[in-house]
Amino acid sequence: MPLALLALAVGAFGIGTTEFAMMGLLPDVAGDLRISIPAAGHLVSAYALGVVVGAPLLAAATARMPRRTVLIALMGLFVAGNALSALAPDENWLLAARFLSGLPHGAFFGVGAVVATGLVAPERKARSVSLMFLGLTVANIAGVPAATLVGQHLGWRATFLGVSAIGLAAIASLYLLIPRTPGHTPGGGLRGELAALRPLPVWLALGTTVAGFAALFSAYSYITPMLTDAAGFAEGSVTLLLALFGVGATAGNLLGGRLADHAMRRTLFGGLASLVAVLAAFPLLMRTEWSAALAVVLLGTAAFVTGSPLQLMVMEKAAAAPSLASSANQAAFNLANAGGAWIGGLALAAGFGVTAPATAGAGLAVLGIGVAGAAYAVDLRRAKRPAGPARVIATHVPDRQEALSR
């Protein structure tokens, strides 16, 4: 695999760290800014909103620019957002800075996925995407715990300064390792880019992402009360257990990339079916500590097996605008984050038990299989559609006398 993929992974590591570290820093941020923890929770939403807004807009706006230039500019925006977060004097400043930090997230992964697949042979495309996403999953193992530790001992502002430093390292890596390429839109501008997202298969692929990852976040958003109230873990053990989730996610990401290069559709269906099985078994697995720890690892593995095939599927269905489609898939991922947490919260509030969000997640994963099945059916129907009759265009060929007269 090309060394240039390392530069993309470094950027993904920084993005993954800043996205998830805020969840562990909420009490420190709330205390320092003198706001409530629920109010501080809006900082998580501000980042997610930035991702949803920025992913399609920035990808479309930069469609004609060289990809290396786009990636460096996006990472520069990421550094600025995190530096401004570290300097925030009040809640409103920090909300704006977190929104700014989220803007380049989806476009970076979207353009990065296109760059990654362009660096390798066609039979290694899924693996190249999984190696870029490796930075995101490793962030859950090392980056987020380290950022939380730094925030607890040196203050939350030091965490964001550290993430800015990671962003600067990513910029240097991108400049040195990513090859220069021309702009990647043949024509049509913004209207042409958006037109590539109109076909039904594109929206079915995006819908599969929303349903599949909403299943993950329905359970993962409430994993702490499951581990403490159902499995009996002490609160101090949760950080280590969440690192185990990162281990599972990393393994699933790499496995999904390798399998998808051989059979993308079967890898997607297999990952979603595994996610249904794991989430449905959560009420049973959360009865003992060892099985609960296993459940956390399996959850990460089953969910992230689907990451690479979903990214490639969206890119293939919108081949005329792969960067925009890939970025839109990241927006779909964050919509799944918000929607899954909301649905899991409804299940919990309904009084069905502390593991109810996982059961709701299993239902969402079944929905994901249904949407993926509908996408497969549409592809089959289009493949069987007979080609139209060939058009023969008569042309006048001048004879020798006519040619000479000209």
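Going by the structure above, here's the rest.
Quick caveat, the model's predicted, so the values are computed rather than measured.

Definitions and cut-offs
Residues numbered from 1 in each chain as written. Predicted model: local features only at pLDDT ≥ 70, side-chain atom pairs only at ≥ 80, totals over all residues. Heavy atoms only, no water. Phe/Tyr/Trp six-rings, centres within 6.5 Å; stacked < 30°, edge-to-face > 60°. Helix = DSSP H or I, 4+ residues; strand = E, 2+ residues; numbered from the N terminus. Core = buried A, V, L, I, M, F, W, Y, C linked by side-chain atoms within 4.5 Å. Buried < 20%, exposed > 50% of the residue type's maximum accessible area, 1.4 Å probe, protein only. Contact = heavy atoms within 4.5 Å. Expected span 1.5 Å × (residues − 1). Polar contact = N/O pair within 3.5 Å; in protein donor to acceptor, adjacent residues only side chain to side chain. 1 Å grid on protein atoms, 1.4 Å probe; cavity = no way out; pocket = protein on both sides within 12 Å on 5 of 7 lines; lining within 4 Å. Points joined across faces, edges and corners; volume = space filled by probe spheres on them. Nonpolar A, V, L, I, M, F, W, Y, C, P; charged D, E, K, R; others polar.

For the structure shown, the criterion picks out nine aromatic pairs. Ring geometry for Phe-109 and Phe-133: centres 5.5 Å apart, planes at 40°, overall tilted. Of this pair, Phe-109 sits in helix α4 (residues 91-118) while Phe-133 sits in helix α5 (residues 125-154), placing them 24 residues apart in sequence. Taken together, Phe-213, Phe-217, Tyr-220, Phe-245, Phe-304 and Phe-333 form an aromatic cluster joined through their ring pairs.

Here the focus is the nonpolar core. Ranked by size, the top nonpolar core spans 94 residues in total, and within it Leu-8, Leu-216, Phe-282 and Met-286 carry the most contacts. Tallying contributions element by element places helix α8 (residues 200-220) first for this core, with 10 residues. Dropping the residues within four chain positions of it, Leu-8 is found in contact with Leu-71, Phe-108, Gly-112, Val-115, Ala-116, Met-132, Leu-174 and Ile-178. Grouped together as the second largest cluster of nonpolar side chains are 15 residues, Leu-43, Ala-86, Ala-88 and Leu-94 included.

Between the first and last C-alpha of α4 there are 42 Å, a value that for 28 residues agrees with the 40 Å anticipated at 1.5 Å per step. The element α4 is extensively covered by neighbouring structure, given that 20 of its 28 residues are classed as buried. The distance from a side-chain oxygen at the start of α4 to the backbone nitrogen of Asn-92 is 3.3 Å, and the residue carrying that oxygen is Asp-90.

Right, let's talk about helix α11 (residues 264-280) for a bit. A rise of 1.5 Å per residue sets the reference length of α11, with its 17 residues, at 24 Å; its end C-alpha atoms lie 24 Å apart and thus fit the reference within 8%. If you check which residues of α11 are buried, you get Met-264, Thr-267, Leu-268, Gly-271, Leu-272, Leu-275, Val-276, Val-278 and Leu-279.

The tally for this structure, following the rule as stated, stands at two cavities of 30 Å³ or more. Taken together, 13 residues make up the lining of the largest cavity; nearest its centre are Phe-133, Phe-213, Gly-307, Gln-330 and Phe-333. Among the elements of the structure, α5, α8, α14 (307-317) and α15 (322-349) are those that each provide at least two residues to the lining of the largest cavity. Ranked by the residues each element gives to the lining of the largest cavity, the list is headed by α14, at four residues. Considered class by class, the residues forming the lining of the largest cavity number six nonpolar, seven polar and no charged. Here the second largest cavity defines a volume of roughly 70 Å³. Phe-20, Leu-136, Asn-140, Leu-216, Phe-217, Tyr-220, Phe-245, Phe-304 and Phe-333 are the residues that line the second largest cavity.

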